[in-house]
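# Descriptive analysis of the structure
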Amino acid sequence: MLNLDFYKGKRVLVTGHTGFKGSWMCRVLVRAGAVVTGYSQTPPTDPALFELAGIAEGMTSVIGDVRDFDAMKRCFDEAKPEIVLHLAAQPIVRDSYKDPKYTYETNVMGTVNILECVRLSDTVKSFLNVTTDKVYKNNEWEWGYRENEPLDGFDPYSNSKSCSELVTHSYKDSFFADGRVAISTARAGNVIGGGDFANDRIIPDCIRAALDKRDIIVRNPHSTRPYQHVLEPVMAYLMIAAAQYEDGSFAGYYNVGPDECDCFRTGALVDLFCRTWGEGMKWINRYDGGPHEANFLKLDCSKLKTVFGWHPVWNLGDAVEQTVEWAKCMRDGKDVTACMDTQIVRFIEKSDWLR
């Protein structure tokens with residue numbers, strides 16, 4: 001069980017804090033009373049959840065590039081973190097085909113740089129590298145990938161995150177075998193939720209179409225993905241980081257994903273979105289060929305469930321409802337930060353492993 005009171009007064013450094021998942025992470029931590037420092041480039045989208053929800057309030061926000069070791073080290077030295085959550089990444093598959101060099105520099109050398117800062121630190125006790133379900137060699141099989149499956153992403157994004165995993169494994173074995181810092185990675189499936197404005201993601205595309213009152217264009221309705229609300233992995237990351245902070249035996253490699261019933265074909269997910277949004281929304285199948293992406297991918301999360309007694313809190317229907325609620329709150333000019341806080345409390349109240 002995770003008690004968020006654990007984080008009260010803890011010094012936590014979050015890379016990628018201006019992104020979608022990083023913004024939700026920082027909001028949870030600030031509400032929990034943590035002393036939060038974020039290190040990231042400027043928000044990657046316009047609009048951005050980080051700015052719309054005033055995420056910088058109550059924390060220290062440092063704008064910098066994870067490829068810049070010297071700048072990151074200065075931030076690290078000032079923050080003196082006890083816990084480091086590494087979320088910074090170039091996260092879009094299609095963008096990785098457009099600029100593979102930047103993708104590898106950010107996702108691989110960014111991980112090297114943050115781990116170097118951890119290695120040189122005398123304050124860090126817990127480090128978590130957030131990767132992706134796409135790190136696995138994808139055999140397009142029907143069962144979920146387990147943590148001991150081979151790593152070998154196909155596209156530059158997936159492959160760079162596989163490399164990030166391997167970098168973490170090497171640092172763990174080479175420099176932290178004495179247990180002075182507990183090191184873990186967490187491999188999460190696709191996330192949805194309020195405030196995701198990324199390009200080439202299906203739910204943000206749906207929301208943009210709904211706000212513009214036009215049909216949704218779906219480029220690959222037959223691909224199957226594990227979808228979960230952003231609070232699912234965020235809370236799981238915090239659970240792992242807290243557990244290994246207190247007991248290094250919890251350090252390891254963990255899948256974080258929904259149950260099998262929430263591995264949806266993209267077309268079925270868009271159907272669910274249209275029903276939830278209402279207002280006559282519909283979609284058009286416009287398969288564009290596009291660059292290679294996995295058609296079938298899901299995770300086996302038995303390890304996380306067995307070790308921590310964890311399980312998903314919201315099913316996909318719940319997750320879409322929360323996402324639509326936030327989007328309509330923004331559309332109607334209401335307080336999106338209050339909406340985030342309401343959803344965080346709602347999530348905690350429904351969980352039996354989180355307090």
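So, a few notes on the structure that sits alongside this text. Worth saying up front: this structure is predicted, and the values here are computed from it rather than measured. (Residues numbered from 1 in each chain as written. Predicted model: local features only at pLDDT ≥ 70, side-chain atom pairs only at ≥ 80, totals over all residues. Heavy atoms only, no water.)

### Things to note about the side chain of Thr 132
- Locating Thr 132 in the fold gives a position in the loop between strand E5 (126–130) and helix H6 (156–175).
- Using a relative accessible area of 3% as the deciding quantity, one classes Thr 132 as buried.
- There is a polar contact of 3.1 Å between the side chain of Thr 132 and the side chain of Asp 133.
- Once you skip the residues sitting within four places of it in the chain, Thr 132 turns out to touch Tyr 157, Lys 161, Ala 186, Arg 187 and Ala 188. (Helix = DSSP H or I, 4+ residues; strand = E, 2+ residues; numbered from the N terminus. Buried < 20%, exposed > 50% of the residue type's maximum accessible area, 1.4 Å probe, protein only. Polar contact = N/O pair within 3.5 Å; in protein donor to acceptor, adjacent residues only side chain to side chain. Contact = heavy atoms within 4.5 Å.)

### Observations concerning the pairing of strand E9 (residues 224–229)
- Extensive coverage of E9 is indicated by the burial of six of its six residues.
- Residues Thr 224, Pro 226 and Gln 228 point to one face of E9 and Arg 225, Tyr 227 and His 229 to the other, with burial holding for every one of them.
- Pairing of strand E7 (residues 190–192) with E9 involves three bridges; the strand directions are parallel. Among the inter-strand pairings, Asn 190 is bridged to a residue of E9, identified as Tyr 227. (Pairing = 2+ DSSP bridges.)

### Observations concerning the nonpolar core
- Core analysis: the largest hydrophobic core is formed by 66 residues, its most contacted members being Leu 4, Tyr 7, Leu 29, Leu 85, Met 235 and Leu 238.
- Among the elements that make up this core, the one with the highest residue count is helix H8 (residues 231–246) (12 residues).
- Not counting residues up to four positions away in its chain, the partners in contact with Leu 29 are Tyr 7, Val 12, Val 14, Ala 34, Val 36, Leu 85 and Leu 238. (Core = buried A, V, L, I, M, F, W, Y, C linked by side-chain atoms within 4.5 Å.)

### Things to note about H8
- Spanning 16 residues, H8 covers 23 Å between terminal C-alpha atoms, matching the ideal 22 Å at 1.5 Å per step.
- In terms of burial, H8 is a largely internal element, 15 of the 16 residues being buried. (Expected span 1.5 Å × (residues − 1).)

### Quick word on the sheet that holds strand E11 (residues 263–265)
- Across the sheet, which stays open at both edges, the three strands sit in the order E7-E9-E11 with mixed pairing between neighbours. Of all the strands in the sheet, just E7 and E11 have a single pairing partner and so form its edges. Across the sheet, the mean angle from the axis of one strand to that of its neighbour is 50°, orientation sign disregarded.
- Strand contacts of helix H9 (residues 266–277): E9 and E11, with the helix running at about 90° to E11, the strand carrying the most contacts. (Axes fitted to C-alpha atoms, helices over the stretch in contact; angles between N-to-C directions.)

### Some words on the packing of aromatic side chains
- Evaluation of the coordinates by the stated rule reveals 12 aromatic pairs.
- Both rings, one in Phe 6 and one in Tyr 7, keep their centres 4.8 Å apart while their planes meet at 90°; by these two values the pair is edge-to-face.
- The class of Phe 6 is buried, set by a relative accessible area of 13%.
- Aromatic side chains Trp 310 and Trp 353 sit 6.5 Å apart centroid to centroid with 55° between the ring planes, which places their arrangement in the tilted category. Residue Trp 310 is found in the loop between helix H10 (302–308) and helix H11 (316–331), and its partner Trp 353 is found in the segment after helix H12 (336–350); the two are separated by 43 residues along the sequence. Trp 353 shares its class with Trp 310; the two are buried.
- Each member of the aromatic cluster is reached from another via a ring pair, and the members are Tyr 136, Trp 141, Trp 143 and Tyr 145. (Phe/Tyr/Trp six-rings, centres within 6.5 Å; stacked < 30°, edge-to-face > 60°.)

### Some details on the sheet that holds strand E4 (residues 83–86)
- Ordered by their spatial adjacency, seven strands build an open sheet running E3-E2-E1-E4-E5-E6-E10, and the pairing between neighbours is parallel. If you trace the sheet from one side to the other, it starts and ends with strand E3 (60–63) and strand E10 (253–256), each paired once. Here the strands of the sheet are splayed against their neighbours by 15° on average, with no regard to which way each runs.
- Here four bridges tie E4 to E5, and the two strands are oriented parallel to one another. When the sheet's bridge partners are listed, Leu 85 is paired in E5 with Leu 128.
- Strands in contact with helix H3 (residues 69–79) are strand E1 (11–15), strand E2 (35–40), E3 and E4; relative to E2, the strand with the most contacts, it is inclined by about 175°.

### As for the pattern of salt bridges
- Applying the stated criterion across every chain, the model contains 24 salt bridges.
- A salt bridge links Arg 219 to Asp 200, with the shortest nitrogen-to-oxygen separation between them at 3.6 Å. On the criterion of sequence distance, the pair formed by Arg 219 in the loop between strand E8 (216–218) and E9 and Asp 200 in the loop between E7 and helix H7 (202–212) is long-range, its members being 19 residues apart.
- It is possible to trace a salt-bridge network through shared partners that takes in Asp 65, Arg 67, Lys 101 and Glu 105. (Salt bridge = Lys/Arg side-chain N within 4 Å of Asp/Glu carboxyl O.)

Without other data, these values stay purely geometric and don't point to any function.
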